[in-house]
Amino acid sequence: MSATLIDGKAVAEQIREEIKSRVAQLRTQGVVPGLGVILVGEDPASVSYVTAKEKACEEAGIASFEHRLPADISLESLLGYVRAFNEDPRVHGILVQLPLPRHIDEKAVIAAIAPEKDVDGFTPVNVGRMLLEEPCFLPCTPNGVLELIKRTGVKTDGAHVVIVGRSNIVGKPLANLFIRKSINSTVTLCHTGTHDLASYCKRADILVACAGKPRLITADMIKEGACVIDVGVNRVADPTAKKGYRLVGDVDFSGALEVAGFLTPVPGGVGPMTITMLLQNTVESASRA
Ligand code: NAP
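Below: a short report on this structure. (Residues numbered from 1 in each chain as written. Predicted model: local features only at pLDDT ≥ 70, side-chain atom pairs only at ≥ 80, totals over all residues. Heavy atoms only, no water.)

**As for the side chain of Asp230**
In this fold, Asp230 is placed in strand 8 (residues 227-230). Within the buried set, Asp230 has no salt-bridge partner at all; the shortest N-O distance to an opposite charge, 8.9 Å, is to Arg215. A polar contact of 3.3 Å, which involves the side chain of Asp230, links it to the backbone nitrogen of Gly232. Side-chain polar atoms of Asp230 contact the backbone nitrogen of Asp250, separated by 2.8 Å. If near-sequence neighbours (up to four positions away) are discounted, Asp230 is found in contact with Ala209, Gly249, Asp250, Val251, Thr264, Val266 and Val270. (Helix = DSSP H or I, 4+ residues; strand = E, 2+ residues; numbered from the N terminus. Buried < 20%, exposed > 50% of the residue type's maximum accessible area, 1.4 Å probe, protein only. Lys, Arg positive; Asp, Glu negative; His and termini not counted. Salt bridge = Lys/Arg side-chain N within 4 Å of Asp/Glu carboxyl O. Polar contact = N/O pair within 3.5 Å; in protein donor to acceptor, adjacent residues only side chain to side chain. Contact = heavy atoms within 4.5 Å.)

**Remarks on unusual backbone geometry**
When glycine is set aside, most residues are seen to have a negative phi, and most peptide bonds are trans. Here the residue pair Leu98 and Pro99 is connected by a cis peptide bond, since its omega of 0 degrees sits within 30 degrees of zero. Of note, Pro99 is situated in the loop between strand 4 (93-96) and helix 4 (106-112). The omega torsion of the bond from Val266 to Pro267 falls at -5 degrees, within 30 degrees of zero and hence cis. Take Pro267: it is sitting in the loop between strand 11 (262-263) and helix 10 (270-288). Positive phi outside glycine occurs at Glu133, with the angle close to 60 degrees. Tracing the sequence through the fold places Glu133 in the loop between helix 5 (124-131) and helix 6 (140-152). On the basis of relative accessible area, Glu133 is assigned to the partly exposed category, the value being 49%. Here Asp196, not a glycine, exhibits a phi torsion of approximately 55 degrees, which is positive. The topology assignment puts Asp196 in the loop between strand 6 (186-190) and helix 8 (197-201).

**Some words on empty space enclosed by the protein**
In this structure the tally under the stated criterion is one cavity of 30 Å³ or more. Here the largest cavity is characterised by a volume of approximately 40 Å³. Surrounding the largest cavity, Val96, Leu98, Ile110, Ile113, Asp118, Asp120 and Phe122 form its lining. Its residues assigned to classes, the lining of the largest cavity comprises five nonpolar, no polar and two charged. (1 Å grid on protein atoms, 1.4 Å probe; cavity = no way out; pocket = protein on both sides within 12 Å on 5 of 7 lines; lining within 4 Å. Points joined across faces, edges and corners; volume = space filled by probe spheres on them. Nonpolar A, V, L, I, M, F, W, Y, C, P; charged D, E, K, R; others polar.)

**A word on the pairing of strand 3 (residues 63-69)**
Note that strand 2 (residues 34-40) and strand 3 share seven bridges and pair parallel. Across the sheet, the residue bridging to Ile38 is His67, located in strand 3. Read as a crossover between parallel neighbours, the route from strand 2 over helix 2 (residues 44-60) to strand 3 is right-handed. (Pairing = 2+ DSSP bridges. Right-handed = clockwise from strand over helix to strand, strands pointing away.)

**Some thoughts on the packing of helix 6 against helix 7 (residues 171-178)**
Two elements in contact, helix 6 and helix 7, have axes whose closest approach is 9 Å; the angle formed by their N-to-C orientations is 45 degrees. Between helix 6 and helix 7, the angle falls in the class oblique. Judged by residue contacts, Pro142, Asn143, Val145, Leu146 and Ile149 of helix 6 engage Pro173, Leu174, Leu177 and Phe178 from helix 7. (Axes fitted to C-alpha atoms, helices over the stretch in contact; angles between N-to-C directions. Parallel < 35°, antiparallel > 145°, perpendicular 65-115°, else oblique.)

**Description of the layout of surface pockets**
Rolled over the atoms, a probe as big as a water molecule pinpoints where empty space is left. Taken as a whole, the second largest pocket holds about 420 Å³ of empty space. Along the walls of the second largest pocket sit 17 residues, with Ile110, Phe122, Val127, Asn168 and Ile169 positioned nearest its centre. Sorting the residues of the lining of the second largest pocket by element identifies helix 4, helix 5 and helix 7 as the ones contributing at least two each. When its residues are assigned to classes, the lining of the second largest pocket shows eleven nonpolar, three polar and three charged.

**Thoughts on the environment of Thr156**
Along the chain, Thr156 turns up in the loop between helix 6 and strand 5 (160-164). Linking Thr156 and Ile206, residues 50 residues apart in sequence, is a C-alpha distance of 8.1 Å. Setting aside its immediate chain neighbours within four residues, Thr156 contacts Ile149, Phe178, Ile183, Asn184, Ser185 and Ile206.

**Here we look at the nonpolar core**
Of all hydrophobic cores here, the largest spans 50 residues; its most connected members are Phe178, Ile206, Val208 and Ile229. Looking at which element gives the most residues to this core, the answer is helix 10, with eight residues. For Ile206, the contacting residues outside a window of four places in its chain are Ile149, Val154, Lys155, Thr156, Ala159, His160, Val161, Val162, Phe178 and Cys227. If you look at the next biggest cluster of nonpolar residues, it comprises 19 residues, including Val162, Cys201, Ile222 and Leu263. (Core = buried A, V, L, I, M, F, W, Y, C linked by side-chain atoms within 4.5 Å.)

**A look at the sheet that holds strand 4**
Reading across from one edge, 3-2-4 is the order of the three strands in this open sheet, with parallel pairing throughout. Looking at strand neighbours, the two that pair on one side only are strand 3 and strand 4, the edges of this open sheet. Strand after strand, the sheet turns through a mean of 15 degrees between neighbouring axes, direction not considered. Bridging between strand 2 and strand 4 involves four bridges; their strand directions are parallel. Its bridge partner lying in strand 4, Leu35 is registered against Gly93. Where helix 3 (residues 75-87) meets the sheet, its contacts fall on strand 2, strand 3 and strand 4, and the angle it forms with strand 2 comes to roughly 175 degrees.

Structure, rendered in structure tokens:
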């Protein structure tokens, strides 16, 4: 058996076309959707994520406003930039690229983002609204995973979903979304305190790996025919690659290909969906404004 690959890039392209026409329509009404981006420091992964997000904005017709700030910036002045974006009517969504340098209180920065511009869906207000199923911006990676599953046609109603990873930005919100009545899955959430991880994974109809550990999930941990979503993006050294490294997920791709029913590649799976959901939230925010 060989799994059907879920082409996240193609699905994302399709949604971006839909977004583009919404943007064009808003522009005819005099509204130009805008994303305010804050990048602190020069972490290469963060720089490349921010660059990719800005390029995607440009292609969709969304304006981006950027602050690239030094790594030694103080919390107070960083908060000043966030507040300025909160007040800027050209900015409908605010993205603070994480992680922030150690001396910065990340929670304080996130909490300072106006909830109506929190297109990443990270503020306490947005997280609370998501939990209560009130109107809010859904966090981009979890929402992207769900959209990918939905558009692939994999059944979630009654499915047993196993998520490996409980971070605030991926695992926790994703578990929460899967248990919504409209999605109706049963969720097992695994983490480093889970004993015998394989025994849980093996029972998953839908297995989501979001641990940030290269090849944590091997073929023997996957149920025959399961849908496997690999959120992990890990750099592993590869002297044969131009950059000296390559990107791999949390799943042993070639092994999983033999067992799974559906599988997302890395790169080209969840990544493009995350950016697309950010664009979608920004356009949504602009149309509300
Ligand atoms: P994170 O904050 O480091 O959280 C990782 C989670 O995985 C933690 O809950 C941790 O458990 C759990 N974990 C780690 N090793 C484990 C193991 N051996 N067994 C079971 N659980 C384990 O990471 P994150 O920010 O959620 O990101 C996870 C991965 O997704 C990273 O590779 C990241 O680059 C990638 N990512 C991709 C996208 C995308 O768009 N494709 C977006 C966001 C993140 P504990 O809580 O017990 O420590």
